[in-house]
Amino acid sequence: MIRGGLVITAGEEIRADVLVDGEHIAAVGAPGTAEHWHADEVIDATGHYVIPGGVDAHTHMEMPFGGTHASDTFETGTRAAAWGGTTTIIDFAIQPRGGALREGLDAWHAKADGVCAIDYGFHMIVSDAGEQAVAELDALVDEGVTSFKMFMAYPGVFYSDDGQILRVMQRAAGNGALAMMHAENGIAIDVLVQQALAAGKTDPRYHGEVRQSLLEAEATHRAIQLSRVAGAPLYVVHVAATEAVAQIQQARDDGLAVFAETCPQYLFLTADSLAEPDFGGAKYVCSTPLRSADHQASLWKALRTDDLSVVSTDHCPFCFKGQKELGADDFSKIPNGIPGVENRLDLLHQAVLDGRISRRRWVELASTAPARMFGLHPRKGTIAPGADADLVIYDPSARHVLSAETHHMNVDYNAYEGRAVTGRARTVLSRGEVLVDGGQYRGRAGHGRFVPRGTCQYLD
Ligand code: DUC
Ligand code: ZN
Ligand code: ZN
């Protein structure tokens with residue numbers, strides 16, 4: 001029994017006790033009613049919030065990129081997630097070019113199987129959207145891999161052209177799958193990259209300059225139109241630009257099934273970080289890129305209007321030493337990605353303290369909405385009888401400083417180094433097992449299981 005806390009879900013805040021039986025929540029009861037419960041173990045949550053475990057719908061453990069691999073394995077990355085109050089991740093399996101979706105999915109199952117601290121699902125990156133891949137989509141949906149990411153960026157690597165995208169979306173329209181889009185015009189960006197390099201502009205800050213917001217907006221617009229033509233829903237990942245938000249807002253105002261996420265790095269950092277001296281800007285190289293404060297303001301606004309309805313991390317860690325340094329003479333060779341799976345809940349909690357979002361919206365953005373979006377609700381993302389006992393007892397007044405010296409992610413820097421935050425997961429349970437308790441790690445590799453997902457519940 002978890003006693004005495006303030007239970008917060010996307011829908012309500014109540015003083016209640018929570019009874020866990022095995023892997024599931026058995027009951028949620030007002031303090032009076034709970035007096036009749038008999039529990040083997042009582043966890044005191046007085047002065048704390050009790051929230052559903054975080055669902056991070058966008059991570060890349062061990063992701064191959066530019067000749068290297070993201071530095072967190074499924075083991076280290078899911079452990080760090082647990083420390084930060086996230087109890088489910090959805091990572092991206094990658095179809096090899098020239099290979100089958102199945103091959104990619106099997107390879108990612110092999111990486112994650114038996115080593116994860118928390119439950120996990122997979123999206124599938126379609127990097128070779130030929131007839132064979134399209135034909136495989138139905139079978140993957142049946143196995144609980146119900147979302148497919150495509151890239152309008154990275155020509156020659158992950159890139160899909162408009163025809164390929166349309167075909168995948170048409171199939172998705174028929175089987176309930178959700179098309180996810182990396183919306184940046186990579187063909188135009190690559191021209192600007194070559195021009196910048198030819199002009200001797202090799203520094204990390206040019207990464208931000210060439211990846212212009214208009215090229216994010218153009219791709220977002222195109223993705224929306226293709227999804228309309230196909231009659232398929234669309235989810236735009238890592239939205240960073242005001243002009244892209246405007247496209248999404250317009251589509252939603254028109255009643256289209258268009259959804260989007262942003263990430264903490266776009267809400268809490270700006271392109272100024274890319275200009276850090278001594279190549280330090282490389283730590284902040286990710287795509288879409290960090291942008292200016294006015295873009296940031298648009299994102300905060302869109303979180304209030306629900307034009308952005310999920311915050312996930314796009315956790316994609318590369319060490320500064322030896323990995324980010326691959327681009328020391330050429331910003332285009334810096335592996336793209338920022339670590340953050342451990343810090344998402346705490347960063348978003350600052351927005352609660354600042355009055356930008358309510359506590360319920362905090363829970364919704366970090367847990368309930370991603371669970372619904374990707375077919376995990378109500379098993380994940382809420383506190384209700386029958387749900388998995390994925391619970392965080394959150395201390396809203398614990399002050400701590402984000403730092404690579406104390407974080408648990410397997411990466412040699414923290415993008416928020418030195419930032420003081422208030423609020424921290426004190427006790428973290430996954431399916432009834434305590435993973436973290438007051439600074440002690442009690443989880444284990446292999447506790448986490450693959451979770452087959454249903455289809456997007458905003459379409460039901
Ligand atoms: N897009 C992602 O979603 N993650 C890492 C790199 C990228 O471009
Ligand atoms: Zn992307
Ligand atoms: Zn990503």
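Residues numbered from 1 in each chain as written. Chains lettered and ligands numbered in written order. Predicted model: local features only at pLDDT ≥ 70, side-chain atom pairs only at ≥ 80, totals over all residues. Heavy atoms only, no water.

### Comments concerning helix H2 (residues 101-112)
For H2, with 12 residues, the first-to-last C-alpha span of 17 Å sits near the 16 Å given by 1.5 Å per residue. Buried residues of H2: Leu-101, Gly-104, Leu-105, Trp-108 and Ala-112, and no others. The buried residues of H2 all sit within an arc of 95° when viewed along its axis, so they share a single face. Contacts made by the buried residues of H2 are with strand E7 (64-65), helix H1 (74-83), strand E9 (86-94), strand E10 (119-125), helix H3 (131-142) and strand E11 (147-151). Just downstream of H2, Gly-114 is the residue with a positive phi angle, here 80°. (Helix = DSSP H or I, 4+ residues; strand = E, 2+ residues; numbered from the N terminus. Expected span 1.5 Å × (residues − 1). Buried < 20%, exposed > 50% of the residue type's maximum accessible area, 1.4 Å probe, protein only. Arc of directions from axis to C-beta. Contact = heavy atoms within 4.5 Å.)

### Considerations on the sheet that holds E10
Overall, parallel pairing links the eight strands, which are arranged E6-E9-E10-E11-E12-E13-E14-E15 in an open sheet. Edge strands, defined here as strands with exactly one partner in the open sheet, are strand E6 (54-59) and strand E15 (310-311). Here three bridges tie strand E12 (residues 178-182) to strand E13 (residues 234-236), and the two strands are oriented parallel to one another. Paired with Ala-179 across the strands is Leu-234, a residue of E13. In the packing of helix H8 (residues 242-253) onto the sheet, the strands contacted are E13 and strand E14 (258-262), and the crossing angle to E14 comes to about 150°. (Pairing = 2+ DSSP bridges. Axes fitted to C-alpha atoms, helices over the stretch in contact; angles between N-to-C directions.)

### A closer look at the UniProt feature "modified residue: N6-carboxylysine" (unreviewed entry) in the protein
In the UniProt entry, the feature "modified residue: N6-carboxylysine" (unreviewed entry) is given for Lys-149. Of note, Lys-149 is situated in strand E11. Lys-149 gets classed as buried once you look at its relative accessible area, which sits at 2%. Dropping the residues within four chain positions of it, Lys-149 is found in contact with His-58, Phe-92, Met-124, Ile-125, Val-126, Met-180, His-182, Val-237 and His-238. (UniProt positions renumbered as here; feature names shortened; annotations may be inferred.)

### Side note on the packing of aromatic side chains
By the definition in use, this model includes 16 aromatic pairs. Ring geometry for Tyr-120 against Phe-122: centres 5.6 Å apart, planes inclined by 65°, an arrangement best described as edge-to-face. In this structure, Tyr-120 and Phe-122 share a single accessibility class: buried. Both rings, one in Phe-259 and one in Tyr-458, keep their centres 5.8 Å apart while their planes meet at 35°; by these two values the pair is tilted. (Phe/Tyr/Trp six-rings, centres within 6.5 Å; stacked < 30°, edge-to-face > 60°.)

### Side note on the site of ligand 1
Lining the immediate environment of ligand 1, one finds His-58, His-60, Lys-149, Tyr-154, His-182, His-238, Ser-287, Asp-314, Cys-316 and Asn-336. His-58 has a polar side-chain atom sitting 3.0 Å from an oxygen atom of ligand 1. Contact between ligand 1 and Ser-287: an oxygen atom at 3.4 Å from a main-chain N or O atom of the residue. For ligand 1, whose unbound accessible area comes to 240 Å², protein coverage reaches 99%. Assessed atom by atom at 2 Å from the grid points, ligand 1 resides in the largest cavity. When the residues that make up the shell around ligand 1 are grouped by side-chain class, the tally is two nonpolar, six polar and two charged. (Near = heavy atom within 4 Å. Polar contact = N/O pair within 3.5 Å; in protein donor to acceptor, adjacent residues only side chain to side chain. Areas by Shrake-Rupley, 256 points an atom, 1.4 Å probe, with all protein chains shown as cover. 1 Å grid on protein atoms, 1.4 Å probe; cavity = no way out; pocket = protein on both sides within 12 Å on 5 of 7 lines; lining within 4 Å. Sits in = over half its atoms within 2 Å of the grid points. Nonpolar A, V, L, I, M, F, W, Y, C, P; charged D, E, K, R; others polar.)

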